[in-house]
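Topology and contacts: notes
One letter stands for each residue in the lines below.
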Amino acid sequence: MFLDWVASLGLLSHNADSNILKDFSLPVKKILVAQVVTFLLDEGTPVGILSSAAHVRWAMETVGQGFTLPIAEEDSIKKVIELYRRWALEPLNRPSPIEANKQQAFLQDILRHYSLLFAARARDQVEVEKHATLCSKVLDIYVTIGRRVGKDLSVETWEIFLKLVLGIADSLFRNSGGLQDRLCSQTLKVMFELWLHSRTRNPQMWKSLKSLALGWTHLMPLVMQWNVTTLALTNRSLALLYGPANGTDAVILKLDDSQTLHLEDDFVYYAWHRTLHILGNLNALSDPKIFVAALNGLEILTKQYLKIAPDKAARGAPLPPDGNTILHIFGAWLFNAVRLDRPGFEEGTALAIKIMCSIFCTRFTTKFLSVYLASFYGCLQDILQKDGRVLISAILHCVDFFCFELQGCRILVPHFLHAINRVLLGKTGAFEHIAPLEKVRRACLHILSTIICLPNHFSKTRFASKALAKRSDREVAKTAANVTALDAENYSQLKPHINVIFLETLKNEAFAPNLQLLLSLIHVWMCEDIEASSEFSKSAINQVVRKVVAHNAWPVDVMQAALRVLHGSTVLYPFIKSRSDMAKHVVSQLCRYVTKQCVALSERSEQAVEKDKDKDKERKNASATQDDAGAMDDRDLERLVADSFACICAWVMVDQWILNDESCMMELVEAIVVGLTGKKSAGAAPQDAEPTPQQGKKKAKAKTEKRASGHSELIRESAEFVLLNLMNMLGNFPPASGPSRVSTLVSEEDVLVDILTKGGTEELPPSLVESKQYIRYFVMDNSMILTVIDRPYEEGGPGVSFIVRDKTGKYAWDTKLSYLPLSEQAAFAPPPMPPRLECCVESYRANVEVVDEATLGDVFGYLENRKGSKAAAMLSLTAKQVESERRFLESTKYNLNCNCTVMPPLPANPYSGESKFMHARILLSHLGYLSLENRGRLYLVDQSSNFFNNLKLLDQVPERECQKIAVLYVSIDQHTDGEIFRNFGGPIDYQEFVSGLGWGVNLQTHNGFSGGLDRKSAVCEAAPYHATHQREVFFHVATLMANSDAGDDQPHKQQHIINDYVLIIWAEDMEYSPANLMKKSTFNNVHIVINPLPSGLYRIKIYKKSNNYSFGPLTDNSIVSKAILGPLVRETACNAYRAVRLSLEGHQSQLSTRARVLKDISSKHRRENSVEQYYTTLFTPLPASQVGPPISAQTLANRPRSGFNRIAPSGGRSQNVQVGFSRNQGSIKVGSRGSPRRGSQTHLPLHDSDTEPTDDVCDSPREDDDGRKSESSSARKARDKKKVSTSPRVKHKASDPPRVGKAMGGVQASPMKEKPPTKKTSTSSKIRRDVVESGSSNAADE
């Protein structure tokens, strides 16, 4: 009998006085049971028919025999089950003797009789199914009894109940097949639930459960039910310990359904401990699958503990469980699972490694016990030498292992590097069935990103553990693959192994995301190792270049990453040996790649056009769909070509090496021409090309026009960008004014003020109206605005100033007309005068003898005797005449001293007429601009007030890409905006990092991009700034902005910080997350979080709103050293900014924006004159309708007044160039007008990047042309600090009035009364919109 089985287990003793009918024959039993149970279940039978306890016992002895009947008596058995169910669960249908006196005893008998049903008796599979159904119904009644009346059961009854269930379970589980397969899961579920309902604390009961359960460990349902029960108890205990948010309000068992148990708190702790150890040592489980299931349960339990963060625990609750606490609970099972390393149990061992890694990496702030650290490191060391699943598990789950800097963790660096080497170089066995190969290799690269900073950081520090490679292995071969068998005694010796890993992986890796990560790591490693050796950098660059130019070697996204690496590698140029050869190789290969792709794109475009012409309308539509599909590929290729041009430009601009390499220059120019036109030039045709007939030439010309019309605008713009940089920037960047400006600070206002200052006399100075006559504006080719200014009062004669505005910026030049060679100009003097003749001091004396008057008496007598007085009167007059003439001749010395030499004419005065545009006209004529051939290229401008307003807007459009990047400091335990944004200063390593982002600039005198900050405001006086020939970067550093009392959240800081696309966050807390900031702002698309580590290294975390942003070189969870932190973070932030901008619709380059604004100004303001009117205008003064550049009243008031007609020497900022002709033709002296000279640039404390240039005027008094003594420059400065310099290059001081074009050196507009704009003047608003879209520092920063 079944009760005998239970008694044999020592659970219950068998009562010999019971079971009276056991020896009766089966037919008698059938009849008795059927008759009695049918009678008692009949609705007409009164409940009180059994009026005494003896009656009830007799009925139960009879009815109870029904549970022993064969399965064929299924109906009778079902009736007995139902009768007992009523008596147990329905008090109204229960006989009164049971209810009154012996309730517990009768319930015990009911439970015992129910257990009789589980005795095996089925003869075939059909009866097994029927038997299982009946037993399942009894189990349901058992669990219902526990749920409904469990609280009414006595301790004795509960123990009998539990022992019966244990006996049932043991009876079922020890006999395989039959009922076990059907009832195993349900029986275990009922048993565990009833055990918790019983609330038993009898150690013997728990001991019995554990001892029997150890014999059931071959059953998977047992482990599954154990997992469910331990999880339910764990969740409830965590809620009791650490607050409701960390667990559940009750014990909730979730398997097939959900059952909630409300247990006493102290019993929850007791039951959790007892239940957790029911299975004993999990490593004793003999079935690998069951072992894995048990460890899966452990993993879930550890996750519940790891979820409890310090900030999630309830106030007043115990401290959250640290790593040691969790290891106290689960550590022994986990460590032994790895150490045993049982064959066939690799999956479970791998899972144990995963759980251990999660504990140590999640609770990294714990000061782990030495025994736990040693055990963990020992397990990892053993596993990293193995292959297969356990090695893969260790690699996949130790990705961030070195980020947390556990005590002594770097002892495993050689072992990890050896394992990474074997995986990446394919030296391990196949493991595709374990995990995707790409995923494992990517994990290796992530681990490598945390190791590559160590060789330089720890240098010669020795490893405590021995290297893995054996000497015999090292002596086998010298190949690169064998060199990577790790043999390093210190960190520095890891470098060759890292080199080989990177280079070999770059050859073999084919998965695109892994290649992108690999390229970023190679870039970081090049920056780390470049000072020690440039060999790896050269090899890596060469290999990347080969892959880029190879046909279809890499997909598009990898190609873009490779080009970013090549572009960023230009910073390594000064450290590379034979750097000019390296630069030549990169530029040459990329030029060939660009040429090939541009020609291919143009040919495809041409073929598509010709194909469409031959198709009917229906086929055109189908072809259009196909062309659109192919156009996506073409657009990707266009983007690659554009990136290649940018990379070429960067390598060309690193130095002037290309000026010494004619062949590379030819390749570069050819690539530019192909980029501009879509075809090779005639000189680059193949040698075997045959001459084209005249008809063929026309056809080729038509095809060329067609190619040009279909050529990519993006490629054309990129090629033009390279050409413009080559022409304007090569050898001229950074300019004398510093890298913050590539455009001049000189304005027309400066030059006119200089003319007003130097011209006229003190009594009659030139007027502002007169000064406009010296200036003319021209538009050339609808893409350039020329300002030409006559400067009549310059030393050495009149000069001409050019101010050129084009798509690349604004430039100023000074010129002078010179007629002498350079060698003779210094000694130049007017032509010598002819020698003067000495005059006679005495009267002229004749050589004949003088006749005495006495001998003339007869003559006089004759005259006296003449009749009349006329003769005498005439004689008197004659004498007087002679006497007057003699006196005059004597006074003039008889005119013998007169200079009769022929003299040359005096120089012409060009400004004697009303037109003052003289020397400027001559210069334009000499340069050929005024020739008839160029008549259609150069146009005069209508100098209206609207034109000057548009000109100011043009000067506000940046020439380079302008980027704003925010920097935020977050200290430990700072969570609210008020706490974070009120930070000021910061620790020294943070300040050093900020100084590494760029050089400091004083915002009040900074003349470059200012990120939208008000230069006059005291909110921010200094900030980091960085500039190259391609971009300007301004950093909004919150800790450098003054705090305000207006609000705790510092809205003036948030205005800039949360509106930037990229945010760099220095977080002292390793667990800091910028989730709140990302939700708060519609911008802040990318967050780069820097966590300082105790070792002096820095962990990088990257958060992105979109996975479409691809950038580098820094990657998520990488570690970098302090030496390269600033530059790499800056480059990563700039690349991220550009990735975000490129993802926005309507993004255009600065060249395109400036070109569009120039074209709009030209179409609006150029004057369409006839030839006669055009040339006549050059010789006549400006009419009254034309105005000059607006000059503010304050500027006029502040101009120097120390002297007029005083010629000030030219400032030291010009670069004078002589373009000489013959003496007869004259010569033109040209001087380039630059911006103020650059000041010294140091790190924090921040400073002004545009310090005031030194005064070129000598400091001692100097004699002017009129002989007066002028004041020394120091005296003038002391007298008037706000004056404008007498040099044409105006010094911009902090005290000067703010310029309208802060970033572009624009002019200050004086108030003007203009007519309301009409539809015809919509160009201004259009230009203003272009300025805003371009990112101007004034109009569009916010």
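Residues numbered from 1 in each chain as written. Predicted model: local features only at pLDDT ≥ 70, side-chain atom pairs only at ≥ 80, totals over all residues. Heavy atoms only, no water.

Looking only at helices and strands, the protein features 48 helices and 19 strands. By the burial criterion, 51% of the 1342 residues in the protein qualify as buried. Within the protein, contacts between residues at least 6 apart in sequence are counted, and of these 74% link residues at least 24 apart. Of the roughly 62,800 Å² that the protein leaves accessible, carbon and sulfur atoms contribute 53%. (Helix = DSSP H or I, 4+ residues; strand = E, 2+ residues; numbered from the N terminus. Buried < 20%, exposed > 50% of the residue type's maximum accessible area, 1.4 Å probe, protein only. Contact = heavy atoms within 4.5 Å. Areas by Shrake-Rupley, 256 points an atom, 1.4 Å probe, with all protein chains shown as cover.)

Residues Y142, W216 and F401 are the most contacted members of the largest nonpolar core, which totals 273 residues. Setting aside anything within four residues of it in sequence, one finds F401 in contact with C361, F376, Y377, L380, L406, C409, L412 and F416. Formed by 27 residues, the second largest nonpolar core is a distinct cluster that contains I789, V941, L1158 and L1196. (Core = buried A, V, L, I, M, F, W, Y, C linked by side-chain atoms within 4.5 Å.)

An ideal rise of 1.5 Å per residue puts 24 Å on 17 residues; helix α15 (residues 346–362) measures up with 24 Å between its terminal C-alpha atoms. Counting buried positions along α15 gives 12 out of 17 residues, so the element sits mostly inside the fold. Regarding α15, the residues found buried are G348, T349, A350, L351, A352, I353, I355, M356, C357, I359, F360 and C361. (Expected span 1.5 Å × (residues − 1).)

On to helix α8 (residues 155–173), then. With 19 residues, α8 should cover 27 Å at 1.5 Å per step; its first-to-last C-alpha distance of 27 Å lies within 8% of that length. The buried count for α8 comes to 15 of 19 residues, which makes it a mostly enclosed element.

Let us now look at the sheet that holds strand β12 (residues 1062–1067). Strand order in the open sheet formed by 8 strands is β9-β10-β11-β8-β12-β13-β14-β15, with mixed pairing between adjacent strands. Each of the sheet's edge strands pairs with one partner strand only, and the pair in question is β9 (999–1002) and β15 (1118–1120). The average angle at which neighbouring strand axes cross in this sheet is 30 degrees, direction not considered. (Pairing = 2+ DSSP bridges. Axes fitted to C-alpha atoms, helices over the stretch in contact; angles between N-to-C directions.)

This brings us to the pattern of salt bridges. For the coordinates displayed, the defined rule picks out 48 salt bridges. One connected set of salt bridges, linked through shared partners, spans D754, K758, R791, E794 and D814. (Salt bridge = Lys/Arg side-chain N within 4 Å of Asp/Glu carboxyl O.)

What follows deals with the packing of helix α4 (residues 74–89) against helix α7 (residues 125–148). Across the interface, α4 lies against α7 with an axial gap of 11 Å and an inter-helix angle of 0 degrees. With respect to α7, the element α4 is oriented roughly parallel. Residues E74, I77, K78, I81, R85, A88 and L89 of α4 touch α7, and the partners they reach there are K130, L134, K137, V138, I141, T144, I145 and R148. Among the residues making up the contact of α4 with α7, the classes are represented as 8 nonpolar, 1 polar and 6 charged. (Parallel < 35°, antiparallel > 145°, perpendicular 65-115°, else oblique. Nonpolar A, V, L, I, M, F, W, Y, C, P; charged D, E, K, R; others polar.)

Turning next to the packing of aromatic side chains. As enumerated under the stated definition, the model contains 39 aromatic pairs in all. Where F402 meets F416, the ring centres are 5.3 Å apart and the plane angle is 75 degrees; that geometry is what we call edge-to-face. Of this pair, F402 sits in the loop between α17 (389–397) and α18 (413–424) while F416 sits in helix α18; the two residues are 14 residues apart in sequence, bridging distant segments of the chain. Assigned by exposure class, F402 and F416 land together as buried. Three or more aromatic residues joined by ring pairs form one cluster here, namely F67, Y84, W87, Y114, Y142, W158 and F161. One cation-aromatic arrangement involves R935 over Y1174; the distance from NZ or CZ to the ring centre is 4.0 Å. Positioned above the aromatic ring of Y939, the side-chain terminus of R1166 is 4.2 Å from the ring centre. (Phe/Tyr/Trp six-rings, centres within 6.5 Å; stacked < 30°, edge-to-face > 60°. Lys NZ or Arg CZ within 6 Å of the ring centre and 35° of its normal.)

You can see Y84 is positioned in helix α4. A polar contact of 3.4 Å, which involves the side chain of Y84, links it to the backbone oxygen of M60. (Polar contact = N/O pair within 3.5 Å; in protein donor to acceptor, adjacent residues only side chain to side chain.)

So, on to the confidence of the model for the protein. Across the protein, the average pLDDT comes to 80, with 77% of residues at 70 or higher. Under a pLDDT of 50 for its full length, residues 467–485 has, in the predicted model, 26 contacts with residues more than four places off or in other chains. Across residues 622–632, confidence stays below pLDDT 50; counting only partners more than four residues off in sequence or on other chains, it has 3 contacts. (pLDDT = per-residue confidence, 0-100.)

Most of strand β8 (residues 961–970) is tucked away: 10 of the 10 residues are buried. Burial of β8 is two-sided: the residues E961, Q963, I965, V967 and Y969 facing one way and the residues C962, K964, A966, L968 and V970 facing the other way are all buried. Two strands pair when backbone bridges link them, and β8 and strand β11 (residues 1031–1037) are joined in this way by 7 bridges, in the parallel orientation. What sits directly across from E961, in β11, is R1031. One ladder, built from 6 bridges, connects β8 with β12; its direction is parallel. Following the sheet pairing, Y969 is matched in β12 by W1066.

On to the state of the cysteines, then. Scanning the model with the defined rule gives 0 disulfides in all. Lacking any disulfide linkage, C361 is separated from the closest cysteine sulfur, that of C357, by 5.8 Å. Exposure remark for C361: the relative accessible area of 11% places this residue in the buried category. (Disulfide = S-S within 2.5 Å.)

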